[in-house]
Amino acid sequence: MEISYAFIFLLPCILYVDAIRFYLSSNQKKCLREEIHKNVLVTGEYEVQENGQRADLTVTDSRGHILYTKEDATKGRFAFTTEEYDNFEVCFASKPMGGGIAADREVYLNVKHGIEAKNYEDIAKAEKLKPLEVELRRLEDLSKSIVDDFAYMRAREEQMRDTNESTHSRVMYFSLFSMLCLLGLATWQVLYLRRYFKAKKLIE
């Protein structure tokens, strides 16, 4: 029977995601899920300890689109750029070979995104930048990430405020409608009982 676990980390796109290590049992699936902003470079490095069984790696978004997949993953890298704000999931699934049960194996995973995913040494070589220019490029990218993050938080705050105001208005109108219904029901009950008692000649 396959067991699924999820590790959820909600981190801003400008922060570095530390490498994690965990153990993967036979016929087991473990995932790391993370929210990442739009147009953000994501890179990952992984290494799976061998134990005679196969481990498959899959990277997907919330809609099930496969961004990276590797059967019998042992060691490697992956990279992709997000097209929109979404939840992305990195999953390792252990597949038994020959029906046997093997010992747990250690999995190493290091995921970076934002400016930490960029290799500034390669950028410096490609553009022939001096060390000071590389540092300025890094600071420029960091500043842009901070501005984008604040812009996103402001947009979310406005969205939440609009939702709150809309909900408040709907609750108020629903309360007024409920009060009118109760008043109408109470009036109908009084008139009905009055006619009933008059028909029974209990009141004049």
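These numbers come from a predicted model, not from an experiment.

Engineer: Quick rundown of the nonpolar core? Include the residues and the values.
Structural biologist: Core analysis: the largest hydrophobic core is formed by 20 residues, its most contacted members being Tyr46, Leu57, Phe78, Val90, Phe92 and Leu109. If you list the elements that add at least two residues to this core, you get strand S2 (20-24), strand S3 (28-36), strand S4 (41-48), strand S5 (54-61), strand S7 (75-81), strand S8 (86-95) and strand S9 (105-113). Not counting residues within four places of it along the chain, the set of residues in contact with Leu57 comprises Tyr46, Tyr68, Thr69, Lys70, Ala73, Phe78, Val90, Cys91 and Phe92.

Engineer: Describe the pattern of salt bridges, naming the residues involved and giving the relevant values.
Structural biologist: A side chain with one charge can pair with a side chain of the opposite charge if their charged atoms come near. In the structure shown here, the tally under the stated rule is twelve salt bridges. Close ionic contact of Asp141 with Lys118 constitutes a salt bridge, the shortest N to O distance being 3.3 Å. You can see Asp141 sitting in helix H2 (residues 131-199) and its partner Lys118 sitting in the loop between S9 and helix H1 (120-127), a full 23 residues away along the chain. On the basis of relative accessible area, Asp141 is assigned to the buried category, the value being 13%. By relative accessible area, which is 36% here, Lys118 ends up partly exposed. Of the charged contacts, one joins Glu157 and Arg161 as a salt bridge, the two residues approaching to 3.1 Å between their closest N and O atoms. Of this pair, Glu157 and Arg161 both sit in helix H2, separated by four residues, roughly a single helical turn.

Engineer: Report on the side chain of His113, specifying residues and quantitative values.
Structural biologist: Here His113 is to be found in strand S9. Among the polar contacts listed, one links the side chain of His113 to the side chain of Glu34, at a separation of 2.6 Å.

Engineer: Quick one: what's the story with the environment of Thr163, residue by residue and with numbers?
Structural biologist: Note that Thr163 resides in helix H2. Polar contacts involving the side chain of Thr163 include one to the main-chain carbonyl oxygen of Gln159, which spans 2.8 Å.

Engineer: Let's hear about H2: which residues, and what values?
Structural biologist: With 69 residues, H2 should reach 102 Å at 1.5 Å per residue; the first-to-last C-alpha distance of 101 Å fits that figure. Three or more residues of H2 are buried, namely Val134, Asp141, Ser145 and Asp149. Along its buried surface, H2 packs onto H1. Lys201 occupies a position one or two residues after H2 and carries a positive phi of about 55 degrees.

Engineer: Give a detailed account of a nonpolar patch on the surface, specifying residues and quantitative values.
Structural biologist: A surface patch of nonpolar side chains, about 800 Å² in accessible area, is lined by Leu185, Trp188, Tyr192, Leu193, Tyr196, Phe197, Leu202 and Ile203. Along the chain, the position of Ile203 falls in the segment after H2.

Engineer: Mind laying out the packing of H1 against H2, listing which residues take part and the relevant values?
Structural biologist: Relative orientation of the contacting elements H1 and H2 amounts to 125 degrees, with a least axis distance of 10 Å. By the angle between their axes, H1 is oblique relative to H2. The crossing of H1 and H2 is right-handed. Contacts between H1 and H2 involve Tyr120, Ile123, Ala124 and Glu127 on the former and, on the latter, Val134, Arg137, Arg138 and Asp141. Among the residues making up the contact of H1 with H2, the classes are represented as four nonpolar, no polar and four charged.

Engineer: Kindly report on unusual backbone geometry, identifying the contributing residues and their values.
Structural biologist: Look at Asp72: it is not a glycine, yet its phi comes out positive at around 50 degrees. With respect to the helices and strands, the residue Asp72 is situated in the loop between strand S6 (66-70) and S7. A positive phi angle is found at Lys128, which is not glycine, with a value near 55 degrees. Tracing the backbone through its elements, the reader meets Lys128 in the loop between H1 and H2.

Cut-off values and rules
Residues numbered from 1 in each chain as written. Predicted model: local features only at pLDDT ≥ 70, side-chain atom pairs only at ≥ 80, totals over all residues. Heavy atoms only, no water. Core = buried A, V, L, I, M, F, W, Y, C linked by side-chain atoms within 4.5 Å. Buried < 20%, exposed > 50% of the residue type's maximum accessible area, 1.4 Å probe, protein only. Helix = DSSP H or I, 4+ residues; strand = E, 2+ residues; numbered from the N terminus. Contact = heavy atoms within 4.5 Å. Salt bridge = Lys/Arg side-chain N within 4 Å of Asp/Glu carboxyl O. Polar contact = N/O pair within 3.5 Å; in protein donor to acceptor, adjacent residues only side chain to side chain. Expected span 1.5 Å × (residues − 1). Patch = residues over 30% accessible without salt bridge, like charges linked within 9 Å, V, L, I, M, F, W, Y side chains within 5 Å. Areas by Shrake-Rupley, 256 points an atom, 1.4 Å probe, with all protein chains shown as cover. Axes fitted to C-alpha atoms, helices over the stretch in contact; angles between N-to-C directions. Parallel < 35°, antiparallel > 145°, perpendicular 65-115°, else oblique. Left-handed = near helix turned anticlockwise from the far one by under 90°. Nonpolar A, V, L, I, M, F, W, Y, C, P; charged D, E, K, R; others polar.

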